[in-house]
Amino acid sequence: MQLLSTRRRRIATAVATATLVAVPLVGAVAAGAATATGTVNTTGDPGPALTVRAQPTAASAAVGHRSDGATITIVCQTYGQQVTGTYGTTRIWDRTRSGGYVSDAYIRTGSDGLVAPLCPGTPTPTEPSPSAGVRATIAAAKSMAGKYPYSWGGGNHTGPTKGICCSPSGIDDRQTVGFDCSGLMEYAFAKGAGLRLSSTSRSQYADGPRVPVSQLRAGDLVFWSNASRATSGIHHVALYIGDGRVVEADRVSGPDIRVRAFSTRETGVMPSVVRPIG
């Protein structure tokens with residue numbers, strides 16, 4: 001897949017859901033939560049009742065039903081059969097207070113990840129081994145860490161460049177050679193995998209392909225927006241490199257190009273990530 005450059009970056013830089021089998025990010029578990037609540041949302045108005053299963057698989061026995069719009073109490077969550085539903089594709093299943101499991105693909109919890117403790121006996125999932133292209137892309141991004149400053153509008157598929165004027169805070173980077181967030185992503189994917197990404201964080205999100213953030217894996221692009229998580233408010237992008245870390249370019253105290261710890265529960269994280277390398 002080739003993502004073509006479309007226009008010069010003039011805005012904040014910082015499609016269908018893929019049905020690839022991947023594992024949710026364990027770090028998305030809500031800290032200290034004893035239970036959580038969710039709302040059943042099946043297709044239709046109203047939709048059909050959701051079947052409660054004895055085990056986290058659609059082939060197990062039905063032990064009850066929950067009507068569309070019903071509120072359920074989630075006592076714990078586990079990983080089971082992959083299901084595609086109202087909220088995309090997921091392996092997360094929710095154990096209800098009354099017993100039995102429902103697929104999280106049909107439960108609105110306000111998160112694509114885990115919102116309750118893992119059920120006893122749930123094995124800790126491991127992230128899949130990244131492909132050669134993903135490894136090379138990560139290496140290219142990390143190789144710039146600490147070497148260049150943040151530069152608004154700076155960087156592209158060839159490497160660091162002078163920036164533009166002016167950032168939302170009025171900073172003129174026309175004489176600053178470096179990268180902004182999306183420029184670093186352009187360089188990393190071109191250098192590591194021969195892919196040409198477009199030039200802004202918003203256009204990189206729009207170009208896709210997108211998958212739920214609950215299926216985050218190394219090589220995915222993570223995006224931040226305003227508090228409403230609207231696509232029009234996207235202002236930052238970073239590369240997820242595995243083990244709960246991202247590499248990014250940001251105007252911060254310390255190295256502007258850096259590797260840092262990351263959580264899907266950070267304010268403004270978009271509900272989907274982009275996976276340029278399938």
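Notes on the structure follow.

What counts and how
Think of each chain on its own: its residues are numbered from 1, step by step along the sequence as written. A pLDDT threshold of at least 70 governs which residues receive local features in this predicted model, and a stricter bar of 80 or more applies before side-chain atom pairs are shown or counted, although totals over entire chains, interfaces and linings include all residues. Side-chain numbers here rest on the full set of heavy atoms in the structure, without hydrogens or water. Stacked, tilted and edge-to-face are the three classes applied to pairs of Phe, Tyr and Trp rings, where Trp contributes its six-membered ring and a pair requires centres within 6.5 Å; stacked means planes under 30 degrees apart, edge-to-face means over 60, and tilted covers the rest. Strands are runs of DSSP state E lasting at least 2 residues, helices are runs of H or I lasting at least 4, and numbering of each runs from the N terminus. Buried means the residue's accessible area, taken with a 1.4 Å probe over protein chains only, is under 20% of the maximum for its type, while exposed means over 50%, and partly exposed covers the values in between. Two cysteine sulfurs form what is called a disulfide whenever their separation falls within 2.5 Å. Here the arc refers to the directions that run from the helix axis out to each C-beta atom. Any pair of residues with heavy atoms lying within 4.5 Å of one another is described as a contacting pair. We define a salt bridge as a side-chain nitrogen of Lys or Arg found within 4 Å of a carboxyl oxygen belonging to Asp or Glu.

**Describing the packing of aromatic side chains**
This model, assessed by the stated rule, comprises 5 aromatic pairs. On the basis of an interplanar angle of 75 degrees and a centroid distance of 5.1 Å, the ring pair of tyrosine 205 and phenylalanine 223 is categorised as edge-to-face. Note that tyrosine 205 is positioned in helix H3 (residues 201–207) and phenylalanine 223 in strand S11 (residues 221–224), a separation of 18 residues in sequence. Phenylalanine 223 matches tyrosine 205 in its accessibility class, with the two residues each being buried. The rings of Tyr148, Phe179 and Tyr187 are connected pair by pair, giving a single aromatic cluster.

**A closer look at the state of the cysteines**
Applying the stated criterion across every chain, the model contains 2 disulfides. Ordering the disulfide-forming cysteines of the protein by sequence position, one finds them joined as 1-2, 3-4.

**Brief notes about unusual backbone geometry**
In this structure, the amide linkage connecting aspartate 45 to the following residue, proline 46, adopts the cis form with an omega of 0 degrees. Of note, proline 46 is situated in the loop between strand S1 (36–40) and strand S2 (50–53). At the junction of glycine 208 and proline 209, the peptide bond is cis and its omega measures out at 0 degrees in the coordinates. In this structure, proline 209 sits in the loop between H3 and strand S10 (210–212).

**Quick notes on helix H1 (residues 132–142)**
Among the residues of H1, Val134, Thr137, Ile138, Ala140 and Ala141 are the ones counted as buried. The arc enclosing the buried residues of H1, seen along the axis, measures out at 160 degrees, which places them on a common side.

**Observations regarding the environment of cysteine 76**
For cysteine 76, the position within the fold is in strand S4 (residues 71–85). Residue cysteine 76 is classed as buried on the basis of its relative accessible area of 8%. It is 8.2 Å that separates the C-alpha atoms of cysteine 76 and alanine 36, two residues lying 40 residues apart in sequence. Beyond its immediate sequence surroundings of up to four residues, cysteine 76 is in contact with Trp93, Asp94, Arg95, Ala116, Pro117, Leu118 and Cys119.

**Here we look at the pattern of salt bridges**
Applying the stated rule across the entire model yields 6 salt bridges. Arginine 174 serves as the salt-bridge partner of aspartate 172, at 2.7 Å between the closest nitrogen and oxygen. Judged by relative accessible area, aspartate 172 falls into the partly exposed class, the value being 36%. Owing to a relative accessible area of 47%, arginine 174 belongs among the partly exposed residues under this scheme. A salt bridge links glutamate 248 to arginine 258, with the nearest nitrogen and oxygen atoms 2.8 Å apart. Here the residue glutamate 248 occupies a position in strand S13 (residues 245–249), and arginine 258 occupies one in strand S14 (residues 257–261), the gap between them amounting to 10 residues. Residue glutamate 248 is classed as buried on the basis of its relative accessible area of 1%. What emerges from the salt-bridge pattern is a single network uniting Glu248, Arg258, Arg260 and Glu266.

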